Amino acid sequence: MADHPRGGRDYPRSVGEFQAWFSTDAACLDYLEWLRWPDGFVCPECGVAGGWRLGDGRFMCPGCGHRTSVTAGTIFDRTRTPLTVWFTACWEFATAKDGISALGLQRALEIGSYQTAWAMLHRLRSVLVRPERDRLNGTVEVDETYIGGEEAGLAGGRAKGKKSLVGIAVEINEPKGLGRCRMAILADGSAASLDPFVTAHVEPGAKVITDAWQGYAGIKALGYSHDRRSQRAARARGEDPARLLPGVHRVASLSKRWLLGTHQGAVGSAHLASYLDEFVFRFNRRRSRSRGLVFYRVLELAVGHDPVRYRDLITKSAPRKVSPTPPSARGHPPSIDRPLLDRPWRLSYLDNSG
Ligand SMILES: [Zn+2]
């Protein structure tokens, strides 16, 4: 993968380019191989580089004899969904500004199974958080809010579910504007829950702004400079207490609007965490100059992520339809017959090494 990926070379800049590059499953597989092993095959078992390509397309390690494929050990491990369908799902997921619902994806792909669309989106969501990502820095507002509680009922109506307490942290830019954000479900509003949330998501030494809630009393002892803003004092001054922390207020309302819009509020508390990951991923890339670059980043994360089993997705709760499956949704999309470009990402790799 390139350090400075370039549109038209490392990732498609438009839907036309996307369709021209990835019109076959073989082209998709080669792109994944390039993303995963940009300098050639490296054995995931022993780390030895080199190796042979076997007749069935798999690789064999010269060091330990391990045989593996491009997709083994990634979220595409043992998938029965063609890679062209996966790539289209990933393109829709990455390029739609507010994302796409499972029903929307099922319609876009013209696939018969709502479950397949639902599981693909959940697998994509599960790769969005890099374990080694940087913590927030500078000036950071931290607060909690209740999210969720609207779930699709059996009769298609709304049933009141359980709301979850969610921690929000967002960087405040000078002189104005918001930087990156983080969101996570909290067990409760106690210091025992809030302290780990702050240390996991905010770099020590940063300035942390909170309200006067006692759960934040220990922030300073954790190595942060702490600006506590009292809602009572604001009220006494005749100010709107909600304006004390305008950054987290904005993130909370945007995330709630997104859940109600793209996903029509049909997000169970069991899956709320992964939807919050998706919201944070989108929010932090809201100024990305290219949606194609976001597509590249998602695939890059997907080939670097361990497999996600379907049973792990559904043990939390089974997928539920938010509205009936449209009739005549069966069958696969017709092939998009376009001239096949000769793998531009491979040409760029030759350029770089020369
Ligand atoms: Zn090996």
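These figures come from a predicted structure and were not determined experimentally. (Residues numbered from 1 in each chain as written. Predicted model: local features only at pLDDT ≥ 70, side-chain atom pairs only at ≥ 80, totals over all residues.)

1. Quick notes on the overall build of the protein
Piece 1. Looking only at helices and strands, the protein has 12 helices and eight strands in total.
Piece 2. Of all 354 residues assigned to the protein, the portion counted as buried reaches 34%.
Piece 3. Contacts in the protein between residues at least 24 apart in sequence constitute 60% of all its contacts with a sequence separation of at least 6. (Helix = DSSP H or I, 4+ residues; strand = E, 2+ residues; numbered from the N terminus. Buried ≥ 20, exposed ≤ 12 C-beta atoms within 10 Å, placed from the backbone. Contact = placed C-beta atoms within 7 Å.)

2. Points about unusual backbone geometry
Piece 1. Note that the residue after Glu-174, namely Pro-175, is joined by a cis bond; omega there is 0 degrees.
Piece 2. Phi is positive for Arg-78, close to 55 degrees, though the residue is something other than glycine.
Piece 3. Looking at the element boundaries, Arg-78 is found in the loop between strand E3 (67–68) and helix H3 (83–95).
Piece 4. Owing to 9 C-beta atoms within 10 Å, Arg-78 belongs among the exposed residues under this scheme.
Piece 5. Residue Glu-110 is not a glycine yet carries a positive backbone phi of 55 degrees.
Piece 6. Relative to the assigned elements, Glu-110 resides in the loop between helix H4 (102–109) and helix H5 (114–126).
Piece 7. Judged by local crowding, Glu-110 falls into the partly exposed class, with 15 C-beta atoms found within 10 Å.

3. Things to note about the environment of Lys-207
Piece 1. Within the secondary structure, Lys-207 sits in strand E7 (residues 207–211).
Piece 2. Counting along the chain gives 16 residues from Lys-207 to Gly-223, while the straight-line C-alpha distance between them is 9.6 Å.
Piece 3. Discounting chain neighbours no more than four positions away, the residues touching Lys-207 are Thr-139, Val-140, Ser-225 and Asp-227.

4. Focus: the packing of helix H2 (residues 25–36) against helix H10 (residues 291–303)
Piece 1. For the pair H2 and H10, interaxial distance at closest approach is 9 Å and the crossing angle is 75 degrees. Judged on the interaxial angle alone, H10 and H2 are roughly perpendicular. Contact residues: H2 offers Leu-32, Leu-35 and Arg-36, while H10 offers Leu-299, Glu-300 and Val-303.
Piece 2. Counted by class, the contact of H2 with H10 contains four nonpolar, no polar and two charged residues. (Axes fitted to C-alpha atoms, helices over the stretch in contact; angles between N-to-C directions. Parallel < 35°, antiparallel > 145°, perpendicular 65-115°, else oblique. Nonpolar A, V, L, I, M, F, W, Y, C, P; charged D, E, K, R; others polar.)

5. As for the pairing of E7
Piece 1. Here E7 lies mainly inside the structure; four of its five residues are buried.
Piece 2. As paired strands, E7 and strand E8 (residues 225–229) are joined by five bridges and run parallel to one another. By the bridge assignment, Val-208 is partnered in E8 with His-226. (Pairing = 2+ DSSP bridges.)

6. Section: the confidence of the model for the protein
In regions of low pLDDT, the predicted coordinates are not meant to be interpreted in detail.
Piece 1. Per-residue pLDDT for the protein averages 85, and the proportion of residues at 70 or more is 86%.
Piece 2. Note that residues 321–337 has pLDDT below 50 and, in this model, 19 contacts with residues that lie over four places away or in other chains. (pLDDT = per-residue confidence, 0-100.)

7. Let's talk about the sheet that holds E3
Piece 1. Spatially, the three strands line up as an open sheet ordered E1-E2-E3, and their pairing is antiparallel. Strand pairing shows two members of the sheet lacking a second neighbour, strand E1 (52–53) and E3, which therefore form its edges.
Piece 2. Here strand E2 (residues 59–60) pairs with E3 via two bridges, running antiparallel. Within E3, the position partnered with Met-60 by the bridge is Arg-67.

8. Let's talk about the nonpolar core
Piece 1. The biggest cluster of nonpolar side chains holds 76 residues, and the ones touching the most others in it are Cys-90, Ala-117, Ile-168 and Val-208.
Piece 2. The greatest single-element share of this core, amounting to nine residues, is contributed by H3.
Piece 3. Counting the residues that make up this core, at least three belong to each of domain 1 (15–39 + 71–127 + 306–353) and domain 2 (139–270).
Piece 4. Not counting chain neighbours up to four residues away, the residues in contact with Val-208 comprise Val-140, Val-142, Val-198, Val-202, Ile-219, Tyr-224 and His-226. (Core = buried A, V, L, I, M, F, W, Y, C linked by C-beta atoms within 7 Å. Domains from an automatic or database assignment.)

9. Thoughts on the packing of H3 against H10
Piece 1. In contact at an axis separation of 8 Å, H3 and H10 are set at 125 degrees when each is read in the N-to-C sense. With respect to their mutual orientation, H3 and H10 come out oblique. Handedness of the H3/H10 crossing: right-handed. Contacts between H3 and H10 involve Cys-90, Trp-91, Phe-93, Ala-94 and Thr-95 from the former and Arg-291, Val-294, Phe-295, Val-298 and Leu-299 from the latter.
Piece 2. Among the residues forming the contact of H3 with H10, the class breakdown is eight nonpolar, one polar and one charged. (Left-handed = near helix turned anticlockwise from the far one by under 90°.)

10. Digging into the environment of Asp-195
Piece 1. Position of Asp-195 among the secondary structure elements: in helix H6 (residues 191–201).
Piece 2. Spatially, the C-alpha atom of Asp-195 lies 9.4 Å from that of Ala-217, the residues being 22 residues apart in sequence.
Piece 3. Once residues lying within four places of it in the same chain are set aside, the contact partners of Asp-195 are Gly-218 and Leu-222.

11. Section: helix H9 (residues 272–284)
Piece 1. Taking 1.5 Å as the rise per residue, H9 with 13 residues should run 18 Å; its terminal C-alpha atoms sit 18 Å apart, in good agreement.
Piece 2. Of the positions making up H9, those classed as buried are Leu-272, Ser-274, Tyr-275, Leu-276, Glu-278, Phe-279, Val-280, Phe-281 and Arg-282. (Expected span 1.5 Å × (residues − 1).)

12. Some thoughts on helix H8 (residues 246–261)
Piece 1. In this model, H8 (16 residues) spans 22 Å end to end at C-alpha, consistent with the 22 Å of a helix rising 1.5 Å per residue.
Piece 2. Restricting attention to buried positions, one finds in H8 the residues Gly-247, Val-248, Val-251, Ala-252, Ser-255 and Leu-259. The buried residues of H8 occupy one face: seen down the axis, they fall within an arc of 130 degrees. Seen from the open side of H8, the exposed residues pointing more than 90 degrees away from its buried face are Ser-253, Arg-257 and Gly-261. (Arc of directions from axis to C-beta.)

13. Thoughts on the environment of Ser-101
Piece 1. Tracing the backbone shows Ser-101 in the loop between H3 and H4.
Piece 2. Given 20 C-beta atoms within a 10 Å radius, Ser-101 is considered buried.
Piece 3. C-alpha separation for the pair Ser-101 and Trp-118, spaced 17 residues apart in sequence, amounts to 8.0 Å.

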